[in-house]
Structures are given as structure tokens and as C-alpha cells.
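Residue-level listing of the chains:
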4 protein chains.
Amino acid sequence: MIRSTTFLEVRYYETDLMGIVHHSNYIRYFECGRHKCMVDLGLPIERIENEFGIMLPVVSVECTYRKPAKMGDILRIESRIEQMPKAKIEVLTEIYNQNDELVVTGKVVLGFIHADTRKPTRVPQCMVDVFSPFFND
Amino acid sequence: MIRSTTFLEVRYYETDLMGIVHHSNYIRYFECGRHKCMVDLGLPIERIENEFGIMLPVVSVECTYRKPAKMGDILRIESRIEQMPKAKIEVLTEIYNQNDELVVTGKVVLGFIHADTRKPTRVPQCMVDVFSPFFND
Amino acid sequence: MIRSTTFLEVRYYETDLMGIVHHSNYIRYFECGRHKCMVDLGLPIERIENEFGIMLPVVSVECTYRKPAKMGDILRIESRIEQMPKAKIEVLTEIYNQNDELVVTGKVVLGFIHADTRKPTRVPQCMVDVFSPFFND
Amino acid sequence: MIRSTTFLEVRYYETDLMGIVHHSNYIRYFECGRHKCMVDLGLPIERIENEFGIMLPVVSVECTYRKPAKMGDILRIESRIEQMPKAKIEVLTEIYNQNDELVVTGKVVLGFIHADTRKPTRVPQCMVDVFSPFFND
């Protein structure tokens, strides 16, 4: 399994009339979490695109909201990849606040496409190389 | 069943490096669609909060991405409520582009809470009154 | 002079804790207004980039806030270009609400750069051709 | 003079088609900077509203763009208040990237209003108390 943690502070403009983080922003926090995960692994998303010509469009998103985050909260984004990606990659995320309360849980599935043709492809070899030590069973 | 249609033009700042609408924005378009739906019914979300003291926090979101929307696309947001809400309300949405191609599908579940106590409650009577003609089976 | 009008409905997620449109969003509305202006002229910003290889980065922005816009407001974006662009283009904007009250005024200055080299250039000929009938004095 | 520094990492969804941070986002970064400034002083904006009933609407914004910020850049937000606020407060901001290159400069002016009546007022005493040691000339 691959795991990564990152921290984000809630910004004022991310909150809405209810005084809480607008629900769409967690989808963006998930992205921050998985980008951090790839940076931790030495394979930033931008590098996969620039060097290997592969982009990772989002295929589906699920998010369940447990407890609202508020202005000033420091959120801990816990991302994990439980399965070696093949045609797709699945990233699970849990977000906690500074009191260690679960704020949201989510699952994001991404595909792989060639940047030039926009045609689907399988997990690029660069990712297999980086990921396989974490899945050697 | 309750149905509502609204149109939105993709704005430049909603697109990302890939030249397509950032996936988090569809969650926002869903919201525009269901707000329009409530306005069509004469019961805007703000009125439920201001007059009846009930807020509708989002409980969960699911979105499946079929075809990317691009800058300048005119999107048609089709929202529908298939079941009379009880403790929760479920809104299904399909978004199409100007060529009638399916862009995304989604499901958003909202709960009901008292604005002052933030405690959960059931569907408010004002909503039952407005919705029931659509579900008289 | 070149003038263009477009209408935008305030979206829920654009409002903040104060119940009003977050001030950063007007900068985005300005952009919607000037994009509409270019579309009206038959020369969308994307076309200038795709066909002529020129991009228009924003050089400076000024915005003065008169009256807050709220959820559900229908805003009228009035954009105008008073001077034939040379090294830069200046777009003035006024935003009014549905009661014809002035919400904000703004000025945005954009430059011209070559998309490939990112080097500054002067107003592209395609824009001169389209604009000159409006400035023949 | 009051000075404060904060750091922000550029997030993917803040970049646009040009691969750079959308110009409206710097207005948001300014806000992050001044919020941090107030937190440093022990007087967070929310506290001014909650405890003293005073809100600080933005009156005007100016931003000049020097060098684009890109995905992954770590930005340093330098905020400063050069004059003791009276009817308004003026916050000057400079944003630098990780290579110490100037990205943008900005000036934001905020007013003071009573949260309940939304009527203008002068700088609240709580702010005078906190600020005056920095302006004893």
C-alpha cells in the first residue's frame, strides 16, 4: 500500500454562507493530497505528463461528509493507494481536522490517456516502476 | 418525479492546464442545477433557511466523468428528484454539452439540520407541501 | 469605443460567510465580460491563441467595490475598450445588479506575448483589423 | 509598521490553461496573507466579527502582475500595514516565489461596518489597542 499525508489550512474564501467549507472544495483537497503523494514518491503528476506524455483525467469521485471544516481549521489529508494500478488508479482519502475528527472520506478514480491523442492507455511504466516496491506480494 | 433544467456557460477560470473544466467544478454545477430546481418550485434554498430555519448540508456526492467540457461550452444541467425526501433528499444530475453529449452524471444527497442548533431534522413541511404533487402515487 | 454587455447569475459557492459575493470573484466576472466582448467581435481569446499564437496575460487589475452582490442576483457586466490597444489593452468594466445599482467598477490591463516563447509583443494584426472600425477618428 | 509573512503552495486547480496561476487567485492569496497577519497579532478577523460585531468588507483592490506563479511553486506572501487605520485599513502585499522573484504586488483597502446594521463605522477599539504599539511615533 502507498500512503501519504499532507496538511492544508482552510482559507476564508473556501467557506460559504453556512460558515463551513463549501463541499466542492474537499474534491480539491483530495487532489492536493494525491499530488503530494506523487511528489513524495518522486513522480509528480506534471512529470508524468511532461516527460512521459501521459495525463491522468479523473474518471469518478465519491465523497462522504462527516463533519464540517471551518475557517482556520488545519486539515490533515490522508491519501492511500491500496491496489497496484492497471487501467485505472484508485486513491482513497480521509480528511481529519486538528482535533483528529474525521471530516470527509473520499475515493477518486483516475484513468491514463496519451497527452497528444487523448486516447486511453494503461498505467505508464514509470508509475509501475515507482509503485511496485509498495505492492510486492 | 421532479425535473429541472438549467444552462451554464463554462468560464475560463474553471478550466485547468488540460484545457478542460476542472473536475471539482461539476460538483458546483450540480449545486447550480438543484438551486434552479428549487427556484422553479418556488422554494429557493435561501428561503428554506431564512423563513423556516432549516439548512441542507451535503451528505454525500458522487460524480462520474464521461466527456470533458471545455471553455465556451454551453452546458445543460438536468436535475431530478425521483423519491419524496424523508430524512434526506437525493438529487440526480446529468450534464450535457451543446452537442447533446453526456459530460457527467452525478448524485448528491443532502440532509436537513436546524440552522440554530445544527441538529439533524426531517424534511421540512414546506418542502413536503411543495413536493407532494409530484409524488402522488 | 467598443462596448459589450453580458449577464451572470451569482452562484451559491461564490458567496462567503458574510452572505455576499467574495470580492475575488468580481475579477473573474470581469474576465467573463471581456471574453464575451471578444466573442461578440468574432475574435474569441482562444482563437487569438490557437490561430495566431498570441496569449493575453493580465498585467494589472483594479477593482472598487460599491455594493455587495448576493446569492441569486443577476449581474449585468458592462465592458468597454476606450482606446485602440498598442502594447497593451485596457478593459474597463462596470457591474450592475438587477435593480440597476452599481456593484463594482474595474480596470484590467492585458499584455500580448508569443505563446511559444512567452516574449512580449505588440497588439496582433488580427485584433487591429477587428478593432479599427470602432476607433476610426 | 506591521509586517507579516506567510507561505502558500500553489494548488493545481488554481492554474489555468496557460499553466500559470489564474490572476484572480492572487487576490485570494492577499486575503490569506492579511488573515495570517491578524492571527499573528492575536486578533483574527473572525474574532473581530464574533466578539466585537465589526466586519471588514473590501473597499478596493489593486494588483500588478510581474511574473507568473506555476503549479508547485511555494509562494511567500509579505503583508504590511504602513499606516494606523482610521476609517479604513490599507494592506500592502508582495508575493515572491521560492527563487525570491517578485510575482505580484498589491494593495487592498478594507472598511469597517457593524455586522448587524451593515452601517460603516471607524476602526474598532480592539484593533487600535493591538495596532498602536506598532505606530508609536
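Draft legend 1. Summary view of the overall build of chain A. For chain A, the helix and strand inventory stands at three helices and seven strands. The order of helices and strands in chain A, counted from the N terminus, is β-α-α-β-β-β-β-β-β-α. Relative to the globule expectation of 14 Å for 137 residues, the C-alpha radius of gyration of chain A, 16 Å, shows essentially globular dimensions. When the backbone C-alpha atoms are referred to their principal axes, chain A occupies close to 45 × 35 × 20 Å. When burial is assessed residue by residue, chain A has 55% of its 137 residues classed as buried. In chain A, the share of contacts with a sequence separation of at least 24, taken over all contacts with a separation of at least 6, comes to 68%. In the form shown here, chain A has an accessible surface area of approximately 6,000 Å², with 49% of it arising from carbon and sulfur atoms. Across chain A, the centroid of the 17 positively charged side chains sits 4 Å from that of the 19 negatively charged ones.

Draft legend 2. Representation of empty space enclosed by the protein. A full pass over the atoms with the stated rule returns six cavities of 30 Å³ or more. Of the volumes computed, that of the largest cavity is approximately 120 Å³. Lining the largest cavity are 16 residues; nearest its centre among them are R28 of chain A, Y13 and E14 of chain B, R28 of chain C together with Y13 of chain D. For the lining of the largest cavity, the class distribution of residues is three nonpolar, six polar and seven charged. Roughly 100 Å³ of internal volume is contained in the second largest cavity. Looking at the second largest cavity, it is lined by 13 residues, and the ones nearest its centre are Y13 of chain A, R28 of chain B, Y13 and N25 of chain C together with R28 of chain D. For the lining of the second largest cavity, the secondary structure elements donating two or more residues are α1 (24–40) of chain A together with α1 (24–40) of chain C. Grouping the constituent residues of the lining of the second largest cavity by class yields four nonpolar, three polar and six charged.

Draft legend 3. Just the relation of the copies chain C and chain D, in detail. Overlay of chain C on chain D (RMSD 0.0 Å): rotation 180°, translation along the axis 0.0 Å. Taken together, the rotation and translation relating the two chain copies correspond to the operation of a two-fold axis. Judged by C-alpha distance, E62 of chain C is the residue of chain C that lies nearest the rotation axis, at 2.2 Å. A shared interface surface links the copies, since 100% of the contact residues of chain C are contact residues in chain D too.

Draft legend 4. Representation of the packing of α1 of chain C against helix α1 (residues 24–40) of chain D. The geometry of α1 of chain C relative to α1 of chain D is characterised by a closest axis approach of 8 Å and an angle of 175° between their N-to-C directions. Accordingly, the angle class assigned to the pair α1 of chain C and α1 of chain D is roughly antiparallel. On the side of α1 of chain C, the interface is formed by S24, N25, I27 and R28 of chain C, while α1 of chain D contributes S24, N25, I27 and R28 of chain D. Partitioning the contact of α1 of chain C with α1 of chain D into residue classes produces two nonpolar, four polar and two charged.

Draft legend 5. Here's a closer look at the side chain of R28 of chain D. Looking at where R28 of chain D falls in the secondary structure, it is placed in helix α1. The side chain of R28 of chain D sits in the buried core without any salt bridge; E14 of chain D is the nearest counter-charge, 6.7 Å away. Not counting residues up to four positions away in its chain, the partners in contact with R28 of chain D are Y13 of chain A together with H22, S24, N25 and R28 of chain C.

Draft legend 6. Fine view of the interface of chain A and chain B. Between chain A and chain B, the contact holds 22 residues from the first and 22 residues from the second. Both faces considered, chain A and chain B share a buried interface measuring about 1,900 Å² in area, 56% of it formed by carbon and sulfur atoms. Considering only the surface of chain A that becomes buried against chain B, M18, H23 and R28 of chain A emerge as the three largest contributors, covering 29% of it. The tally of links from chain A across to chain B stands at ten residue pairs in polar contact (both at pLDDT 80 or more). Listed by contribution, the elements that provide at least two residues to the side of chain A that touches chain B are α1 and β3 (58–65) of chain A.

Draft legend 7. Quick peek at the relation of the copies chain A and chain B. Superposition record for chain A on chain B: RMSD 0.0 Å, screw rotation 180°, translation along axis 0.0 Å. Most of the interface of chain A is mirrored in chain B, where 100% of its interface residues again form contacts.

Draft legend 8. Summary view of the interface of chain C and chain D. Counting from both sides, the interface comprises 22 residues of chain C and, opposite them, 22 residues of chain D. Overall, the association of chain C and chain D removes approximately 1,900 Å² of surface from exposure, summing both partners, and the carbon and sulfur fraction of that is 56%. Its largest share of buried area at the contact with chain D, chain C owes to M18, H23 and R28 of chain C, together 29% of the area lost on that side. On inspection of chain C and its partner chain D, the count reaches zero salt bridges. Broken down by element, the side of chain C that touches chain D gets its largest block of residues, eight residues, from strand β3 (residues 58–65) of chain C. Classifying every residue of the side of chain C that touches chain D gives eleven nonpolar, six polar and five charged.

Draft legend 9. Just the confidence of the model for chain A, in detail. Residues with a pLDDT of 70 or more make up 99% of chain A, whose mean pLDDT is 94. Predicted as a complex, the structure gets a pTM of 0.91 and an ipTM equal to 0.93.

Draft legend 10. Local environment of the pairing of strand β1 (residues 2–9) of chain D. Residue and element names in this part refer to chain D. Burial along β1 is one-sided: I2, S4, T6 and L8 are buried, while R3, T5, F7 and E9, pointing the other way, are not. Sheet topology places β1 next to strand β4 (residues 74–81); eight bridges connect them, and they run antiparallel. In the strand pairing of β4, R3 is matched with R80.

Draft legend 11. Focus on the environment of L110 of chain C. Residue and element names in this part refer to chain C. The residue L110 is located in strand β6 (residues 102–114) in this model. Along the primary structure L110 and V91 are separated by 19 residues, whereas in three dimensions their C-alpha atoms are 8.2 Å apart. Discounting chain neighbours no more than four positions away, the residues touching L110 are R34, L56, P57, V58, V59, K88, I89 and V91.

Draft legend 12. View of the packing of aromatic side chains. The final tally for this structure, using the stated rule, is twelve aromatic pairs over all chains. Summarising the aromatic geometry, the rings of Y26 of chain A and Y65 of chain A are spaced 5.7 Å apart at their centres and angled 65° between planes, so their arrangement reads as edge-to-face. Taken together, the residues Y26 of chain A in helix α1 and Y65 of chain A in strand β3 connect sequence positions 39 residues apart. The interplanar angle of 90° and the centroid separation of 5.7 Å between the aromatic rings of Y26 of chain B and Y29 of chain B together place this pair among those described as edge-to-face. Taken as a pair, Y26 of chain B and Y29 of chain B lie in helix α1 (residues 24–40) at a separation of three residues, close to a single helical turn. The pair formed by Y26 of chain B and Y29 of chain B is uniform in burial state, with each residue classed as buried. An aromatic cluster is present here, built from Y26, Y29 and Y65 of chain A joined pairwise through their rings.

Cut-offs used in this document
- Residues numbered from 1 in each chain as written.
- Chains lettered and ligands numbered in written order.
- Predicted model: local features only at pLDDT ≥ 70, side-chain atom pairs only at ≥ 80, totals over all residues.
- Heavy atoms only, no water.
- Helix = DSSP H or I, 4+ residues; strand = E, 2+ residues; numbered from the N terminus.
- Rg over C-alpha atoms; globule rule 2.2 N^0.38 Å.
- Buried < 20%, exposed > 50% of the residue type's maximum accessible area, 1.4 Å probe, protein only.
- Contact = heavy atoms within 4.5 Å.
- Areas by Shrake-Rupley, 256 points an atom, 1.4 Å probe, with all protein chains shown as cover.
- Lys, Arg positive; Asp, Glu negative; His and termini not counted.
- Charge placed at Lys NZ, Arg CZ, Asp CG, Glu CD.
- 1 Å grid on protein atoms, 1.4 Å probe; cavity = no way out; pocket = protein on both sides within 12 Å on 5 of 7 lines; lining within 4 Å.
- Points joined across faces, edges and corners; volume = space filled by probe spheres on them.
- Nonpolar A, V, L, I, M, F, W, Y, C, P; charged D, E, K, R; others polar.
- Least-squares fit on C-alpha atoms with pLDDT ≥ 70 in both.
- Axes fitted to C-alpha atoms, helices over the stretch in contact; angles between N-to-C directions.
- Parallel < 35°, antiparallel > 145°, perpendicular 65-115°, else oblique.
- Salt bridge = Lys/Arg side-chain N within 4 Å of Asp/Glu carboxyl O.
- Buried area = accessible area lost by both parts, 1.4 Å probe.
- Polar contact = N/O pair within 3.5 Å; in protein donor to acceptor, adjacent residues only side chain to side chain.
- pLDDT = per-residue confidence, 0-100.
- Pairing = 2+ DSSP bridges.
- Phe/Tyr/Trp six-rings, centres within 6.5 Å; stacked < 30°, edge-to-face > 60°.

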